[in-house]
Amino acid sequence: RDSWSWGEGDFSKARKSLERKPLSIERTKGSEILFGIAPCSLALSQSRRDLFRLFLKESSGSRRLVMSEFVLQATARGVPVHHVKRRELDALCRGQVHQGVCLEATPLGFKSLEEAEKPNLRDEESPNRQLIWLVLEQIQDPMNLGALLRSAYFLGVDRVVTSQRNSCPLTPTVSKASSGALEVFDVYSTDDLRSFLKAKSAEGWEVVGTVSTPEDVENVPVISCSEFRWNKPVIVVIGNEGDGLSLETQLLCHRMLTVPPGRALHPGIESLNVSVATGILLHSICSQRLKH
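Residues numbered from 1 in each chain as written. Predicted model: local features only at pLDDT ≥ 70, side-chain atom pairs only at ≥ 80, totals over all residues. Heavy atoms only, no water.

**Q** How should the pairing of strand β9 (residues 206-210) be read in this particular structure?
**A** Strand residues, when the strand is regular, have side chains that alternate between the two faces of the sheet. The element β9 is largely enclosed, with a buried count of five among its five residues. Residues of β9 alternate between two faces, with E206, V208 and T210 on one and V207 and G209 on the opposite face, all of them buried. Where β9 meets strand β11 (residues 234-238), three bridges bridge the pair, whose relative direction is parallel. Bridge pairing in β11 links V207 to I235. Bridge count for β9 against strand β12 (residues 255-258) is three bridges, and the pairing is parallel. Residue pairing in the sheet places G209 in a bridge with M256 of β12. (Buried < 20%, exposed > 50% of the residue type's maximum accessible area, 1.4 Å probe, protein only. Helix = DSSP H or I, 4+ residues; strand = E, 2+ residues; numbered from the N terminus. Pairing = 2+ DSSP bridges.)

**Q** Sorry, what's going on with the packing of aromatic side chains here?
**A** A ring pair, where both rings are aromatic, is described by two values, the distance of the centres and the angle of the planes. Evaluated as defined, the whole model comprises three aromatic pairs. For the pair W133 and F196, a centre-to-centre distance of 6.1 Å together with 15 degrees between the ring planes defines the contact as stacked. You can see W133 sitting in strand β6 (residues 132-136) and its partner F196 sitting in helix α9 (residues 193-202), a full 63 residues away along the chain. The exposure class of W133 is buried, given its relative accessible area of 4%. Ring geometry for W133 against W205: centres 5.1 Å apart, planes inclined by 65 degrees, an arrangement best described as edge-to-face. Residue W133 is located in strand β6, and its partner W205 is located in the loop between α9 and β9; the two are separated by 72 residues in the primary sequence. Side by side, W133 and W205 carry an identical accessibility label, which is buried. Feature note: the residues W133, F196 and W205 constitute an aromatic cluster, connected by ring pairs. The aromatic ring of W133 is capped on one face by K200, whose charged end is 4.5 Å from the ring centroid. (Phe/Tyr/Trp six-rings, centres within 6.5 Å; stacked < 30°, edge-to-face > 60°. Lys NZ or Arg CZ within 6 Å of the ring centre and 35° of its normal.)

**Q** Help me out: how do you make sense of the sheet that holds strand β1 (residues 32-35) in this one?
**A** The pairing of strands in a sheet happens through backbone hydrogen bonds and is either parallel or antiparallel. Read from one edge to the other, the open sheet built from four strands follows the order β1-β4-β2-β3, with strand pairing classed as mixed. The sheet terminates laterally at β1 and β3 (81-84), the two strands that pair on one side only. Here the strands of the sheet are splayed against their neighbours by 25 degrees on average, with no regard to which way each runs. Of the strand pairs in this sheet, strand β2 (residues 51-57) and strand β4 (residues 101-105) are connected by five bridges, and their pairing is antiparallel. Each residue of the ladder has a partner; that of L51, found in β4, is A105. Across the sheet, helix α3 (residues 64-77) lies against β2, β3 and β4, angled at about 165 degrees from β2, the strand it touches most. (Axes fitted to C-alpha atoms, helices over the stretch in contact; angles between N-to-C directions. Contact = heavy atoms within 4.5 Å.)

Take it as geometry only, folks, not as evidence of what the structure does.
The following block contains the structure:
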């Protein structure tokens with residue numbers, strides 16, 4: 001009888017409250033939620049993760065064909081498929097841009113440097129091939145890390161190595177920002193970056209750092225990336241978003257590379273985003289290998 005005394009506005013509020021509350025989906029222990037078409041599709045095809053469940057948006061409209069492909073992929077891998085409302089997907093990936101797809105899977109971790117030193121099949125087929133490794137010192141933003149991995153993969157970098165301390169882990173956000181490159185491209189890690197650089201230098205590799213302006217460096221030659229000539233295996237070292245390369249790492253570099261600006265710059269915008277600058281530097285170096 002009391003319930004019949006509710007007004008129309010009370011029922012409307014209750015209904016909206018229920019609509020806002022997402023379906024509770026219990027996660028498998030130790031799993032994470034990948035999101036986005038490219039990361040989820042590549043994770044399904046690469047078999048590098050253990051996969052638990054695929055979640056697809058109901059009434060996907062123009063992406064119906066894409067969703068059908070996901071169902072085929074998941075069925076082939078024996079992964080259960082759940083069709084859910086958009087609000088459930090929003091809750092699963094905490095409001096990130098999921099494009100109607102989420103995948104519950106085990107995380108990807110960094111590989112050890114010992115594994116990085118093993119030649120891959122491509123290196124064995126071309127023993128005289130010029131090698132380029134990208135080393136990241138304390139990159140902390142997952143969007144930057146993802147963009148760096150995407151550029152490194154696209155431009156032909158052989159290995160990516162990160163410092164363990166104060167570096168971003170390999171999260172689903174990194175995979176999304178890399179457009180799925182993380183799902184096909186190994187990332188290595190070291191807890192002693194300086195010893196690693198010293199060892200590679202002793203092996204005959206050239207270690208080049210990066211800097212925004214020549215005035216920021218002491219005792220290390222600085223040249224434009226367009227002037228750099230590549231005649232031996234090379235390691236390109238990138239510093240973190242705020243402070244760049246540490247002084248200790250700078251002093252282990254044979255040369256420092258910079259991207260020259262195209263105009264006089266206003267104070268406060270004298271540098272590029274780290275992932276954009278790295279893309280320019282890598283293209284400048286890798287294009288020499290393509291010409292060769």
